[in-house]
Structure formats: C-alpha cells, structure tokens
Amino acid sequence: QPYFKLREVDNKVVISSSQLLEKKVKEQLTGNEYHDGILDMLSELVDVPLSHNKPSDHMKRGVRTSQVNSYDINSEINQNVNSKKSNSKTTVNIQEKHFNLFRS
C-alpha cells in the first residue's frame, strides 16, 4: 500500500519574485510617466510597413549581413537577386564555388 506524506512549503519568495516580474512586464508593455510602453510604440506604427528581417528582404534592399570577398560569387549573387526567377541549380552552383574557394 503506497504511503504519501504532505509537506508544507513556504512559497513566499517564489510568489513575490513572480509578482515583481509580472509588474515589470506590465510596466514595459503599458509604460509609465517616464517612458512609453511597448504597446504605445507599436500603436504608432500601425500604418508603417515593417520588414520581416528575412535574408531575401535584405537582399532586395541591398543590405548584406556578411561580406563576400570573391568577385565571381558576388556577381552571381547580384544576378540571382536581380533575376525574376532564381532556381535551385544556381544556388547549388554558388555553394559549390564558395566551398571550392575555401577548400583550396
């Protein structure tokens, strides 16, 4: 026959830290007299188009997050970005050339 024993545990520390964290999150979302909250700032951006921070969006805008040192690879990347269709074969070729540059 199983035997269970209940123990009383003092959770005041856990509860108070959870309440403090809840207060901080609420203040950051809604703001206070010293600064706007996150929700206030987002409400101002209702009509502003936001980027999705995807690599394809960066490439369309001409933003590069890494530097390509090879002229050949850079020109192929530019051709892919500027072309209307980019097939997977071209991407594989770029990766193979990139791999060959670092392997030698």
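Residues numbered from 1 in each chain as written. Predicted model: local features only at pLDDT ≥ 70, side-chain atom pairs only at ≥ 80, totals over all residues. Heavy atoms only, no water.

1. Brief notes about the overall build of the chain
Each helix and strand counted, the chain has five helices and zero strands in total. Seen in sequence order, the chain has helices and strands lined up from the N terminus as α-α-α-α-α. Every one of the 104 residues in the chain was classed for burial, and the buried ones make up 10%. Expressed as a percentage of contacts within the chain between residues at least 6 apart in sequence, the contacts between residues at least 24 apart total 13%. Accessible surface, the chain as shown: approximately 10,200 Å² in total, 54% of it carbon and sulfur. (Helix = DSSP H or I, 4+ residues; strand = E, 2+ residues; numbered from the N terminus. Buried < 20%, exposed > 50% of the residue type's maximum accessible area, 1.4 Å probe, protein only. Contact = heavy atoms within 4.5 Å. Areas by Shrake-Rupley, 256 points an atom, 1.4 Å probe, with all protein chains shown as cover.)

2. Overview of the confidence of the model for the chain
The pLDDT averaged across the chain works out to 76; a share of 78% of its residues lies at or above 70. The least confident element of the chain is helix H5 (residues 88-103), whose mean pLDDT is 47; the most confident is helix H1 (residues 12-30), at 92. Below a pLDDT of 50 lies the segment residues 97-104, which in the model reaches five contacts outside its immediate sequence neighbourhood of four places, other chains included. (pLDDT = per-residue confidence, 0-100.)

3. With respect to H1
Side chains three or four residues apart in an α-helix point the same way, a direct result of the helix having 3.6 residues per turn. Helix length check: H1, at 19 residues, gives a terminal C-alpha distance of 27 Å against a target of 27 Å (1.5 Å per residue), a fit within 8%. At the exit of H1 stands Gly31, carrying a positive phi of roughly 85°. (Expected span 1.5 Å × (residues − 1).)

4. A few points about a nonpolar patch on the surface
Together, Leu21, Val25, Leu29, Ile38, Leu39, Leu42, Leu45, Val48 and Leu50 give the surface a local cluster of nonpolar side chains, amounting to about 760 Å² of exposed area. Counting only elements with at least two residues in the nonpolar patch, the list comes to H1 and helix H2 (38-44). For Leu39, the position within the fold is in helix H2. (Patch = residues over 30% accessible without salt bridge, like charges linked within 9 Å, V, L, I, M, F, W, Y side chains within 5 Å. Salt bridge = Lys/Arg side-chain N within 4 Å of Asp/Glu carboxyl O.)

5. A word on the environment of Asn80
Inspection of the secondary structure assignment puts Asn80 in helix H4 (residues 71-82). The buried category is assigned to Asn80, whose relative accessible area is 17%. Between the C-alpha atoms of Asn80 and Met59, which are 21 residues apart in sequence, the distance is 9.9 Å.

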